[in-house]
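Structural description and commentary
Listed below, chain by chain, are the residues.
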Amino acid sequence: MKISKRMLVLGGAALIAASGFATAALAQQDRSTPRGWSYEIKDGKRVPKGNRVTKADGSWREEVRQGNCVTIKEKSAAGEYKETRQCDPK
């Protein structure tokens, strides 16, 4: 009888710990990168943040710098998306 009670208590403790870890993982996904930082965290990796300018008509333009390369993402008010990448050798 001692063994079954001990297993029941250990199983309950493991269940509570597992639910706590799942809750902590969900809480970390909702966090956003603080303002002023030049990168975001996506899938546990650092991804450079872009400078996005949005116009009143709904169109936007975003520039992301990675080393000596610049990626420009544009979306028009009509929904047309365009992405260009330009690298300057130094």
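As shown above, the structure is provided for reference.
Structure report, in brief. (Residues numbered from 1 in each chain as written. Predicted model: local features only at pLDDT ≥ 70, side-chain atom pairs only at ≥ 80, totals over all residues. Heavy atoms only, no water.)

**With respect to the sheet that holds strand β5 (residues 69–75)**
Strand order across the open sheet formed by four strands is β3-β4-β5-β6, with antiparallel pairing between neighbours. Two strands lie at the open edges of the sheet, namely β3 (51–54) and β6 (81–87), each paired on one side alone. Neighbour to neighbour, the strand axes of the sheet diverge by 10 degrees on average, direction disregarded. With seven bridges connecting them, strand β4 (residues 60–66) and β5 associate as antiparallel partners. Counterpart to Gln66 in the pairing with β5 is Cys69. (Pairing = 2+ DSSP bridges. Helix = DSSP H or I, 4+ residues; strand = E, 2+ residues; numbered from the N terminus. Axes fitted to C-alpha atoms, helices over the stretch in contact; angles between N-to-C directions.)

**Regarding the state of the cysteines**
Here a disulfide denotes a covalent bond joining the sulfur atom of one cysteine to the sulfur atom of another. Taken as a whole and assessed by the stated rule, the structure comprises one disulfide. Sulfur-sulfur distance for the disulfide between Cys69 and Cys87 comes to 2.0 Å. In this structure, the disulfide formed by Cys69 and Cys87 twists by about 110 degrees around the S-S bond and is classed as right-handed. Taken together, the residues Cys69 in strand β5 and Cys87 in strand β6 connect sequence positions 18 residues apart. (Disulfide = S-S within 2.5 Å.)

**Description of the packing of aromatic side chains**
Aromatic ring pairs are defined here through the distance separating the ring centres and the angle between the ring planes. Evaluation of the coordinates by the stated rule reveals one aromatic pair. With a centroid separation of 6.3 Å and an interplanar angle of 55 degrees, the aromatic rings of Trp60 and Tyr81 are classed as tilted. On the criterion of sequence distance, the pair formed by Trp60 in strand β4 and Tyr81 in strand β6 is long-range, its members being 21 residues apart. The exposure class of Trp60 is buried, given its relative accessible area of 16%. On the basis of relative accessible area, Tyr81 is assigned to the partly exposed category, the value being 46%. Against the face of Trp60 rests Arg52, its NZ or CZ located 3.8 Å from the ring centre. (Phe/Tyr/Trp six-rings, centres within 6.5 Å; stacked < 30°, edge-to-face > 60°. Buried < 20%, exposed > 50% of the residue type's maximum accessible area, 1.4 Å probe, protein only. Lys NZ or Arg CZ within 6 Å of the ring centre and 35° of its normal.)

**Some thoughts on the environment of Asn68**
Structurally, Asn68 can be placed in the loop between β4 and β5. The class of Asn68 is partly exposed, set by a relative accessible area of 36%. Considering only alpha carbons, one finds Asn68 and Cys87, 19 residues apart in sequence, at a separation of 5.9 Å. Look past the residues within four positions of Asn68 in its chain and what remains in contact with it is Gln86, Cys87, Asp88, Pro89 and Lys90. In this structure the side chain of Asn68 is engaged in a polar contact, spanning 2.7 Å, whose partner is the backbone oxygen of Asp88. (Contact = heavy atoms within 4.5 Å. Polar contact = N/O pair within 3.5 Å; in protein donor to acceptor, adjacent residues only side chain to side chain.)

Everything listed is a geometric property; what it means functionally is a separate question.
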